[in-house]
Amino acid sequence: MKESKTKKFQTLSDIPVEPFYGTQGPDGQPGEFPYTRGIYPDMYRGRLWTMRQYSGFGTAEETNIRFRDLIAHGGTGLSVAFDLPTQMGLDSDDPRALGEVGRTGVAIDSLEDMEILFNQIPLDQVTTSMTINATAGILLALYMAVAEKQGVSFEKLGGTIQNDILKEYIARGTYVYPPTPSMRIITDIFSFCRNHLPKWNTISISGYHIREAGSTAVQEVAFTLANGLAYVKAAIDAGLKVDDFAPRLSFFFNAHNYFFEEAAKFRAARRLWAKLMKERFNASDRSCQLRFHTQTAGCSLTAQQIDNNIIRVAYQAMSAVLGGTQSLHTNSRDEALALPTKESALIALRTQQVLGYETGVADCADPLAGSYYVEELTDTIERKAFEYIQKIDEMGGSVVAIEKGYIQREIQNSAFEYQKKIEEKELILVGVNQFTSEEGAVKDILKVRPELETKQKERLTALKKRRDNEAVKKALALLKKGAEGTDNLMPLILNAVKCHTTLGEISNTLREVFGEYREIVSI
């Protein structure tokens, strides 16, 4: 074992903290397979987790101001929220986008919008996470085009696209195309990034939204890893070698209320993924490392007594850190009501900074290791999650389990039981079903001005008039031909965005070839 080269830490009582502690057990040390105790030997001793704040609203100009403000206050990574039309492959002037432009995130229609969004933000100095799925390839191409205009080589770009379509069918609903072509787009992105964006995380396999939909911690681990296995198999079936793409896979988990269960959940997920990758795909140790981003639980936030949410978020964030997360977003106190205000977003960022710099929890890798309770929880979550995965395997994998509605029903049943416990006061929510108080309406919530939608549409109209529309037609024709064949779609999408083809135009071209997914509801 190499000795840590990071600086020695001491507690406030001047007790020296050694690089590692504890005896060599079946889980080894941090940085050793199966990575129960963390994927790096030092964990946070040399470098803290990336502190991201999920942000995006209205127009690109307004979101750019928020981004630069967060960076100025010590944020170390950006996390972009896109509005629903952008997520659904609709331009802001599409009739189906009416009333939704800029509401749940920033509206991005074109390269012009993307340039404004990252104005004065050097893309070789920040990492950017984009919560985008059905249109992930388009947003990645737009990001690359902005980098090219900044003079930043693709090899220097670091960040993540969520790009996890399976959980959209399960829990979230922002899908566009049916599963088969959607999986093709995802594996095209894997292949393209392997050759052109070596530092880019090509997918963030998301348990976050599965948990937000009402799953248990065990189900969050099981269904997320089952989806991950489906992506790995699809990529291998498409001709990729596991060690060529697996090191760039990342995961996205929820940090919910039950503190020790959440910390144990992260440890269990890391160990189970390592075992599955080794046993099923003979992956290298690096390909077995489960790297993940965490966001505190949006579904746990309450509209009542909103300052209580600051406390909830702080404990949830600490569970993620004790569980070994690689990056973290802390929700704001007012997000149960609206997009966060600037003040609330800053409090959320300060929560991470206090956690990282004042509490000492980063001084030791996996400080909960050896606790009987945490180790028992870790073992139990792993065992029960694996039982779910085996059941999904018997059905034919995640895609089949989703098509049968199995995963959705399991989540629905858990959500029902959780809500019943709250209503019967088996679970106490402070300020909701216990310790309530009379309080007035919350003031100072962020409201997206209706005129921003008009402004976005006007900019889009002006762009379509002044661009080279012949070049756009040619780019879309090439894209359609490629979609009808077997070409990798990413170079074709990149070519299209560079000549100011819009997100909606690209999506509609792919709709013509792939069709649109329609959920089958069985009664």
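Since this is a predicted model, take the numbers as computed values, not measurements. (Residues numbered from 1 in each chain as written. Predicted model: local features only at pLDDT ≥ 70, side-chain atom pairs only at ≥ 80, totals over all residues. Heavy atoms only, no water.)

Colleague: Go over the overall build of the chain, please, and point to the residues and values.
Modeller: Looking only at helices and strands, one finds 19 helices and eleven strands in the chain. Relative to a compact globule of 523 residues, whose C-alpha radius of gyration would be 24 Å, the chain shows 23 Å and is just as compact. Seen through its principal axes, the chain has C-alpha atoms that stretch 70 × 60 × 55 Å. By residue count, 59% of the 523 residues in the chain fall in the buried class. For the chain, the proportion of contacts with a sequence separation of at least 24, taken over those separated by at least 6, is 77%. Total accessible area on the chain stands at roughly 22200 Å², and carbon and sulfur atoms take up 53% of it. In the chain, which carries 61 positive and 67 negative side-chain charges, the distance between the mean positions of the two groups comes to 3 Å. (Helix = DSSP H or I, 4+ residues; strand = E, 2+ residues; numbered from the N terminus. Rg over C-alpha atoms; globule rule 2.2 N^0.38 Å. Buried < 20%, exposed > 50% of the residue type's maximum accessible area, 1.4 Å probe, protein only. Contact = heavy atoms within 4.5 Å. Areas by Shrake-Rupley, 256 points an atom, 1.4 Å probe, with all protein chains shown as cover. Lys, Arg positive; Asp, Glu negative; His and termini not counted. Charge placed at Lys NZ, Arg CZ, Asp CG, Glu CD.)

Colleague: Describe a nonpolar patch on the surface, listing the residues and the values that go with them.
Modeller: A cluster of nonpolar side chains, namely Phe260, Tyr372 and Tyr373, defines an oily patch on the protein surface of about 390 Å² accessible area. Following the sequence through the fold, Phe260 ends up in helix α10 (residues 259-281). (Patch = residues over 30% accessible without salt bridge, like charges linked within 9 Å, V, L, I, M, F, W, Y side chains within 5 Å. Salt bridge = Lys/Arg side-chain N within 4 Å of Asp/Glu carboxyl O.)

Colleague: Outline the sheet that holds strand β11 (residues 327-329), supporting the account with residue identities and numerical values.
Modeller: Within the open sheet, the nine strands sit side by side as β7-β6-β5-β4-β3-β11-β10-β9-β8. Their pairing is parallel. The outermost strands of the open sheet, each flanked by one partner alone, are β7 (200-201) and β8 (203-206). Contacting β9 (249-255), β10 (292-296) and β11, helix α11 (residues 308-322) runs over the sheet at an angle of about 165 degrees to β10. (Pairing = 2+ DSSP bridges. Axes fitted to C-alpha atoms, helices over the stretch in contact; angles between N-to-C directions.)

Colleague: How would you summarise the environment of Arg66 if you had to cite specific residues and measurements?
Modeller: For Arg66, the location among the structural elements is in helix α1 (residues 60-72). Arg66 sits 279 residues away from Ala345 along the chain, and the two C-alpha atoms are 9.3 Å apart.

Colleague: Could you give an account of the side chain of Arg467, with specific residues and numbers?
Modeller: Note on placement: Arg467 falls in the loop between α16 (451-466) and α17 (469-484). Looking at Arg467, its side chain comes within polar contact range of the side chain of Asn469, at 2.7 Å. Of note is the side chain of Arg467, whose polar atom sits 2.7 Å from the side chain of Glu505. Discounting chain neighbours no more than four positions away, the residues touching Arg467 are Val472, Cys499, His500, Thr501, Thr502 and Glu505. (Polar contact = N/O pair within 3.5 Å; in protein donor to acceptor, adjacent residues only side chain to side chain.)

Colleague: Please set out unusual backbone geometry residue by residue, giving values where relevant.
Modeller: The peptide bond linking Phe33 to Pro34 adopts the cis configuration, its omega dihedral lying at 5 degrees. Of note, the phi angle at His500 is positive, near 70 degrees, even though the residue is not glycine. For His500, the location among the structural elements is in the loop between α18 (489-498) and α19 (503-514). By relative accessible area, which is 21% here, His500 ends up partly exposed.

Colleague: Report on the packing of aromatic side chains, specifying residues and quantitative values.
Modeller: Taken as a whole and assessed by the stated rule, the structure comprises 19 aromatic pairs. An aromatic cluster is defined as three or more aromatic residues linked by ring pairs; in this entry it consists of Phe251, Phe253, Phe266, Trp273 and Phe292. Above the face of the Phe33 ring, Lys278 is positioned so that its terminal group lies 5.4 Å from the ring centre. (Phe/Tyr/Trp six-rings, centres within 6.5 Å; stacked < 30°, edge-to-face > 60°. Lys NZ or Arg CZ within 6 Å of the ring centre and 35° of its normal.)

Colleague: Break down helix α6 (residues 179-196) for me, with residues and values.
Modeller: Each α-helix winds once per 3.6 residues, and so residues spaced three or four apart point in a common direction. Over its 18 residues, α6 runs 26 Å from end to end, which matches the ideal 26 Å to within 8%, given 1.5 Å per residue. Most of α6 sits inside the fold, with 14 of its 18 residues counted as buried. (Expected span 1.5 Å × (residues − 1).)

Colleague: Give a description of the environment of Asp237 that names residues and reports values.
Modeller: Turning to its location among the elements, Asp237 is positioned in helix α8 (residues 217-237). On the basis of relative accessibility, which here comes to 57%, the residue Asp237 falls in the exposed class.

Colleague: Would you mind going over the pattern of salt bridges in detail, with residue names and values included?
Modeller: Pairing is possible between side chains that carry opposite charge, provided their charged atoms lie close to one another. By the definition in use, this model includes 36 salt bridges. With its nearest N and O atoms 3.0 Å apart, the salt bridge here joins Arg459 to Asp113. Here the residue Arg459 occupies a position in helix α16, and Asp113 occupies one in helix α3 (residues 111-117), the gap between them amounting to 346 residues. Looking at Arg459, the relative accessible area reads 14%, which means it is buried. One continuous salt-bridge network, built from bridges that share partners, spans Glu61, Glu112, Asp113, Arg459 and Arg466.

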